[in-house]
Amino acid sequence: MSSQNAKSVNLAVSGEKPAFSEPLHVGRPNLGNREEMLRRVNEIFDRRWFTNDGPLVKDFEARIQKLVGVKHCVAMCNATIALEIAIRALELRGEVIVPAYTFIATAHALQWQEITPVFADMDPATHNIAPETIERLITPRTTGIIGVHVWGRACDTEALESLGRRLNLKVLYDAAHAFGCTHQGRKIGSFGECEVFSFHATKCINCFEGGAVVTNNDELAGKLRLMRNFGFAGYDTVIYPGTNGKMTEVCAAMGLTSLEAMEEIVAVNRRNHEAYRNGLAGLPGVSLVCYDAPETSNFQYVVVEVDPEVSPLNRDELVAVLHSENVLARKYFWPGCHQMEPYRSSPHSASRLLPHTESIAARIMVLPTGQTVSCEDVAAICGIIRAALEAPARTHAP
Ligand code: T4K
């Protein structure tokens, strides 16, 4: 949209009607082929096999293994439980290093098991954990590092794993955002001891709710399978502490249907990402987080950084403008896990300065994408942002 057009956008904050009559969400689920999904649900009814390692779960696991190029995929009910089980199967305890800039589930999966998450700062260029900040956080109680591939862009696996080898720490990855993405041409999923995917409804591939641990380690995979099923090794034998982390058949049916539509979903995300890049080009202090060209990406997050030193409106002001237009932009992952309870009040986090996390978390907004967002929607959203920035005074109610 040209700046001439942008100026003619009537903003809802100035008393006009919102640009969108229905809310545009970040995380509206993508659908696969409805008929295929309903066929699978009918089959589940006919089979009367609803959960407990059913045939659709096995098929889903086999397809993920092939797609990612790993020996084992252990499907679970969601990624938070998958993280918890992976952490327990790897026998982590005491303290584990995690980035503060992540969804709260990464930290809670540790805390829930009375393991202290110790928050590291990020690299502002990648938004991922900064390996050089880790060593000073290590204590005799540290047992591991969890890297998070934020927005699907791989963290520095080489540096993290070399630290892990040198300091005898286990390294695993929260790959909740990174299904289908690569790192140096290799599919994310085979790094570290194991990696965890999320197939939540808001993710590019979804199972309604779902997650999976992927690994090349046979022994670990066996343990994960037992632990997701209460530790049962037979009808009457329990050999590990376990929980109920099983994926249901209907969730696997959705996962399979979603996987079959993956090419189309990623193509839509990529198209929208390019439309945002064009629509936001040249705006002062507003930059779109890019995906490295040689890598494969799922483009599931449209992440915009707003530099308050340059932009006429800061992130919070822009988000308020967008919300008034029914564009429900999100402030992921503000204010950082270390600023949320119970970590905020913990003596571990209270005195910790994480300058890059705090600065970036205050600048990021995530915009809607996926199948429910058209190129026209993207153009309208970019037009709103452009109009708000070109006439910031108009963003205050008359
Ligand atoms: N690690 C990382 C790094 C993660 O980002 C996540 C989850 C996890 C671990 C844990 O994975 P899971 O245990 O969830 O598998 C959302 C998602 O719920 C969450 O899965 C995701 N990350 C996080 C980044 O975003 P919320 O609380 O911000 O949004 P939520 O679930 O309210 O959904 C966002 C919007 O999407 C809603 O306002 C409306 C729309 N929506 C949502 C659902 C569920 C729909 O239109 N239809 C729907 O069915 O966490």
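Residues numbered from 1 in each chain as written. Predicted model: local features only at pLDDT ≥ 70, side-chain atom pairs only at ≥ 80, totals over all residues. Heavy atoms only, no water.

1. With respect to the packing of helix H10 (residues 315–324) against helix H13 (residues 375–390)
How we decide: All axes here are fitted lines through C-alpha atoms, helices being fitted over the stretch that makes contact, and every angle between N-to-C directions spans 0 to 180 degrees. By the criteria applied, helices consist of DSSP H or I runs no shorter than four residues and strands consist of E runs no shorter than two, each listed in order from the N terminus. Under this scheme an angle from 65 to 115 degrees is roughly perpendicular, one under 35 degrees roughly parallel, and one over 145 degrees roughly antiparallel; angles in between are oblique. For any pair of crossing helices, the crossing counts as left-handed if the nearer helix is rotated counterclockwise from the farther one by less than a right angle, and right-handed if it is rotated clockwise. Only heavy atoms matter for contacts: two residues are in contact if any of them lie within 4.5 Å across the pair. Residues were grouped as follows: Ala, Val, Leu, Ile, Met, Phe, Trp, Tyr, Cys and Pro as nonpolar; Asp, Glu, Lys and Arg as charged; and all remaining residues, including Gly, as polar.
For the pair H10 and H13, the least separation of the axes is 10 Å and the interaxial angle reads 130 degrees. Of the possible angle classes, the one that applies to H10 and H13 is oblique. Like other packed secondary-structure pairs, H10 and H13 cross with a definite hand, here right-handed. Contacts from Leu318, Val321 and Leu322 in H10 reach Ile381, Ile384, Ile385, Ala388 and Leu389 in H13. When the residues that make up the contact of H10 with H13 are grouped by side-chain class, the tally is eight nonpolar, no polar and no charged.

2. Observations regarding the pairing of strand E4 (residues 116–120)
To be explicit about the condition: Whether a residue is buried, partly exposed or exposed follows from its accessible area with a 1.4 Å probe, protein chains only, as a fraction of its type maximum: under 20%, in between, or over 50%, in that order. Here a strand pair is declared whenever DSSP counts at least two bridges between the two strands.
Along E4, five of the five residues are buried, which leaves the element largely enclosed by surrounding structure. Of the two faces of E4, the one carrying Thr116, Val118 and Ala120 and the one carrying Pro117 and Phe119 are both buried. Relative to E4, strand E3 (residues 95–99) runs parallel, the two being bridged by five bridges. Bridging across to E4, Ile97 finds its partner in Val118.

3. Regarding the side chain of His183
Inspection of the secondary structure assignment puts His183 in strand E7 (residues 182–183). When neighbours within four sequence positions are excluded, His183 is seen to be in contact with Ala154, Cys155, Thr157, Glu158, Ile188, Phe191 and Glu295.

4. Here's the deal with the nonpolar core
Within soluble globular proteins, side chains that are nonpolar tend to cluster in buried spots. Cut-off, in case you're wondering: Think of a nonpolar core as a cluster: buried Ala, Val, Leu, Ile, Met, Phe, Trp, Tyr and Cys residues, connected wherever their side-chain atoms sit within 4.5 Å.
Counting residues in each nonpolar core, the largest one holds 50 residues, and the members touching the most others are Phe60, Ile64, Tyr101, Trp151, Phe179 and Phe199. For this core, the elements supplying multiple residues, two or more each, are helix H2 (34–47), helix H3 (55–68), strand E2 (72–76), strand E10 (211–215), helix H8 (249–260), helix H9 (262–280), helix H12 (355–361) and strand E14 (364–367). Sequence-distant contacts of Ile64, that is, excluding residues within four places in its chain, are made with Gly69, Cys73, Phe179, Phe199, Val214 and Leu259. Counting residues in each nonpolar core, the second largest holds 33 residues, with Met76, Leu92, Val96 and Leu220 among its members.

5. Observations concerning the site of the ligand
What counts here: Here a residue counts as near a molecule or strand whenever at least one of its heavy atoms sits within 4 Å of it. Counting of polar contacts relies on pairs of N or O atoms within 3.5 Å, with two restrictions inside protein: one atom must be capable of donating a hydrogen and the other of accepting it, and residues adjacent in sequence are counted only when both atoms are side-chain atoms. Per-residue accessibility takes into account occlusion by the displayed protein chains alone, with areas from the Shrake-Rupley method and a 1.4 Å probe.
By nearness alone, 26 residues border the ligand, and Arg28, Thr80, Asp174, His177 and Tyr332 come closest of all. For the ligand, an oxygen atom lies 2.5 Å from a polar atom in the side chain of Arg28. Contact between the ligand and Ala79: an oxygen atom at 3.0 Å from a main-chain N or O atom of the residue. Coverage of the ligand by the protein chains reaches 76% of its 900 Å² of free accessible surface.

What is shown is where atoms sit, not what they do.
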